[in-house]
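Understanding the architecture of this molecule
Each chain, letter by letter, is given below.
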Amino acid sequence: MPYPHLSSPGRIGGVTLKNRIAMTAASASLSEPDGSMTEAMLAYYEARAKGGVGLIITEMVCVDEQRGVLFPRELNAARDENIPDFRALADRLHPYGTKVFAQLFHPGANADPKLNSLPLVSASAGRGKKRGQAEEASRETIHTIVESFGQAAHRVQQAGFDGIEIHAAHHYFLHSFLSPVTNHRTDEYGGSLEHRARILQEVVQSIRAHCGPDFPVMVRVSLEEYIGPKGYHADTGLKLCQMLESWGVDALNVSASGTDSKGSQSVEPMPYRQGWRKHLPWLVKQTVSIPVLAVALIRDPAFAEQLLADGVLDFAASARSHLADPNWANKAFAGQEADILPCISCMACFSKFDGEGHITCAVNPETGYEAQLPPLPQDGDKRLVVVLGGGPAGLEGAWIAARRGFRVILFEKQAVLGGQLNLAALAPGKEKIHWLLDSLTRRCQQAGVELHPGHAPTLDELNALHPYAILDATGGLPAVPACIPGAQDSPLVCTPPDILTGKLQPTGEVIAVIGSGMTGLETAELLSAPEKDNAVLVVEAAPRLAPGVYGSNRNAVTAVLDQNNAVCLTSRALTKVGTDRIYLTDPQTGEEYTYPCQRVVLALGTTPTKPYGEALETVCSRVLSVGDAAKSGMIWDAVHGGYHAAREL
């Protein structure tokens, strides 16, 4: 079998895992509002167990429903009546030989105030991610929460779970005690590391008291906070790991991150390279003798195998790789690595959370919908589907239609496939987009799609084909609004493709980038590189920079912009482009400003190209527009649009 280390059994405490692949916690929010189980949740986890992982660590499980609820729909082990629900999950996963641990956690200051009946608590008073104000936890409250961990662990043990993971990382309640940034106490829970870790020791002891000495206990720790001199670093993290081992913990899940500072990423966006923090589990492996599991931004099986072979870790862990492809493990062991749907770290799994209400994936439209989507019908009957455009929407729609049994012909006017993916991959740190393009192309080839790059068919050619349906994936062009005087005729104006492709390479200029979406920010990053010697201003009409951009994606770019001395200006709407300056207005006050500049980059999204106008309707009655041909969007929107259009044919 390929990957002898990855496929070998491993042990955590008294539990044997069939292989060294673990799916780590990621909030799916597929439960009922009260935290009870749903078929959607069961099907979601079952797909990953069926896909071959050795261990599944559930999403964060609530232990305190009065002050410890983070999301509206999260698993809840704070009540006895939910034990049968957890048993149902264990019963769905165990037939595949997969073990399951529950990740028990308390959000502390990061809990949602609207979802909790008691005031939020933290090690010391402070504000959390949900803008809630937390008070310092009293000793009585600490003891109550410690006991709640033990009781919750006993409930999942009764339900047939194989172990638990204590979440003591990522700026949640337990980590708030460990970090000197958030712990300013002067009692026995503050001060030295031994005192700051006291609550964690008490949680371990509570779980042992409720569950006995043989129930596996793993702890997730932030070994390094990555938040500068105020936070703790790996030397402190290693000392904590030694303490955890001395308390009888069975395994460690090594992570990183402290607060939401720009340099602190527990779930890394695209620019981070695979394995960028592999040194953290290696350090722990040199320090303790218990098993070490780690998320080291592992994306391909060969990389995971090498980490195991090199003794960097004992179990290769990932959440997002298994969101992208639930069959990641089985494909690896079958020698089908090239068929794995690749996670590209685009963060859509979380950025689309509010809109969809639960976990999803940009490259796999079935993630989070396992219980809702019926099997793909096999009813194409060789009828012809023509796809116009070889971007992500067109490629996804083409291979899904081919899987249904349609004959599919795809035309792309450019000489290479990819559409906007080729442009997006030119932005700094976006090389992983090529993984998605390669995967989509391979899937189309395997499904028998006839690919015709470098050709845009005429209407006569389309009529001659007599297609059953047309997927219009002809994409979009950069928006240059006619309503802004000078935008279409000023010599200053260009668009992001001009910069990203290298068509224009300005140096030593004063440049205004209009729009702070990801395209605008990435273009500004390229322009503000020190060797370019440009003075870059990013202009955003909204009161906040990058509205609609997920925080970690925004932070990754703005951290570089800060280093490059780019200036970001919010609450400024572009009203006119002159021949040597731009004119801005504050939308709130109406106050007007001017900004002399030598170049203006309009990063205002796209508008559909519509090369055929409305004439496609004369070719056949089934015409579906997808991707930017329908509406400007991100990779998630394009892939999901192509997928669902192909299902609806």
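Here is what the cut-offs are and how they apply
Residues numbered from 1 in each chain as written. Predicted model: local features only at pLDDT ≥ 70, side-chain atom pairs only at ≥ 80, totals over all residues. Heavy atoms only, no water. Helix = DSSP H or I, 4+ residues; strand = E, 2+ residues; numbered from the N terminus. Rg over C-alpha atoms; globule rule 2.2 N^0.38 Å. Buried < 20%, exposed > 50% of the residue type's maximum accessible area, 1.4 Å probe, protein only. Contact = heavy atoms within 4.5 Å. Lys, Arg positive; Asp, Glu negative; His and termini not counted. Charge placed at Lys NZ, Arg CZ, Asp CG, Glu CD. Pairing = 2+ DSSP bridges. Right-handed = clockwise from strand over helix to strand, strands pointing away. Polar contact = N/O pair within 3.5 Å; in protein donor to acceptor, adjacent residues only side chain to side chain. Core = buried A, V, L, I, M, F, W, Y, C linked by side-chain atoms within 4.5 Å. Axes fitted to C-alpha atoms, helices over the stretch in contact; angles between N-to-C directions. Parallel < 35°, antiparallel > 145°, perpendicular 65-115°, else oblique. Left-handed = near helix turned anticlockwise from the far one by under 90°. Arc of directions from axis to C-beta. 1 Å grid on protein atoms, 1.4 Å probe; cavity = no way out; pocket = protein on both sides within 12 Å on 5 of 7 lines; lining within 4 Å. Points joined across faces, edges and corners; volume = space filled by probe spheres on them. Nonpolar A, V, L, I, M, F, W, Y, C, P; charged D, E, K, R; others polar.

Each helix and strand in the protein chain was counted, giving 21 helices and 28 strands. Taken over C-alpha atoms, the radius of gyration comes to 26 Å for the protein chain, in line with the 26 Å a tight globule of 649 residues would show. C-alpha extents for the protein chain along the principal axes are approximately 75 × 60 × 45 Å. Looking at the protein chain as a whole, 59% of its 649 residues are labelled buried. Expressed as a percentage of contacts within the protein chain between residues at least 6 apart in sequence, the contacts between residues at least 24 apart total 72%. Considering the protein chain, the positive charge centre built from 56 side chains and the negative charge centre built from 70 side chains are found 1 Å apart.

Counting buried positions along strand E15 (residues 407–412) gives five out of six residues, so the element sits mostly inside the fold. Across five bridges, strand E14 (residues 384–388) lies against E15 in parallel orientation. Counterpart to Val 386 in the pairing with E15 is Ile 409. Running through helix H14 (residues 392–403), the crossover from E14 to the neighbouring parallel element E15 is right-handed. As defined by bridge partners, E15 adjoins strand E16 (residues 450–453) across four bridges and the pair is classed as parallel. Bridge pairing links Glu 412 to Pro 453 in E16.

Looking now at the side chain of Asp 586. By the element assignment, Asp 586 lies in the loop between strand E24 (581–585) and strand E25 (592–596). Here Gln 588 takes part through its backbone nitrogen, which lies 2.8 Å from a polar atom of the side chain of Asp 586. Excluding anything up to four places from it in sequence, Asp 586 contacts Ser 571, Arg 572, Glu 591 and Tyr 593.

A separate point is the nonpolar core. Core analysis: the largest hydrophobic core is formed by 100 residues, its most contacted members being Ile 164, Ile 166, Leu 200 and Leu 252. The greatest single-element share of this core, amounting to seven residues, is contributed by helix H3 (residues 139–158). Ranked by size, the runner-up nonpolar core spans 43 residues in total, among them Cys 361, Ala 401, Ala 473 and Val 639.

Here H3 crosses helix H6 (residues 198–211) at 40°, and the two axes come no closer than 8 Å. Overall, the two elements H3 and H6 adopt an arrangement that is oblique. Of the two elements, H3 crosses H6, and the hand of that crossing is right-handed. Where H3 abuts H6, its residues Ile 142, His 143, Val 146, Glu 147, Phe 149, Gly 150, Gln 151, Ala 153, His 154 and Gln 157 lie against Ile 199, Glu 202, Val 203, Ser 206, Ile 207, His 210 and Cys 211.

Let us look at helix H2 (residues 83–93). What H2 keeps buried is the set Ile 83, Asp 85, Phe 86, Leu 89, Ala 90 and Leu 93. In a view along the axis of H2, the buried residues occupy a sector of 165°, so they form one face of it. Against helix H1 (39–50), strand E4 (55–62), strand E5 (99–105) and H3 lie the buried residues of H2.

Attention now goes to empty space enclosed by the protein. As enumerated under the stated definition, the model contains two cavities of 30 Å³ or more in all. Taken together, 14 residues make up the lining of the largest cavity; nearest its centre are Cys 343, Cys 346, Cys 349, Cys 361 and Ala 362. When residues of the lining of the largest cavity are traced back to their parent elements, those giving at least two are helix H10 (320–324) and helix H12 (348–351). In terms of residue count, H10 provides more of the lining of the largest cavity than any other element does, three residues in total. Of the residues belonging to the lining of the largest cavity, the class tally is twelve nonpolar, one polar and one charged.

Let us look at the packing of H1 against H2. Packing of H1 against H2 leaves a shortest axis separation of 9 Å and a crossing angle of 30°. By the angle between their directions, the pair H1 and H2 is classed as roughly parallel. Crossing geometry of H1 relative to H2 is assigned as right-handed. Along the contact surface, H1 presents Glu 39, Leu 42, Ala 43, Tyr 45, Glu 46 and Ala 49, while H2 presents Ala 88, Leu 89, Arg 92 and Leu 93. Residue composition of the contact of H1 with H2, by class: seven nonpolar, no polar and three charged.

Moving on to the environment of Val 510. Considering the arrangement of structural elements, one finds Val 510 in strand E20 (residues 510–514). We classify Val 510 as partly exposed; its relative accessible area is 27%. Separated by 86 residues in the primary sequence, Val 510 and Pro 596 place their C-alpha atoms 8.0 Å from one another. Dropping the residues within four chain positions of it, Val 510 is found in contact with Ala 535, Tyr 595, Pro 596, Cys 597, Gln 598 and Arg 599.

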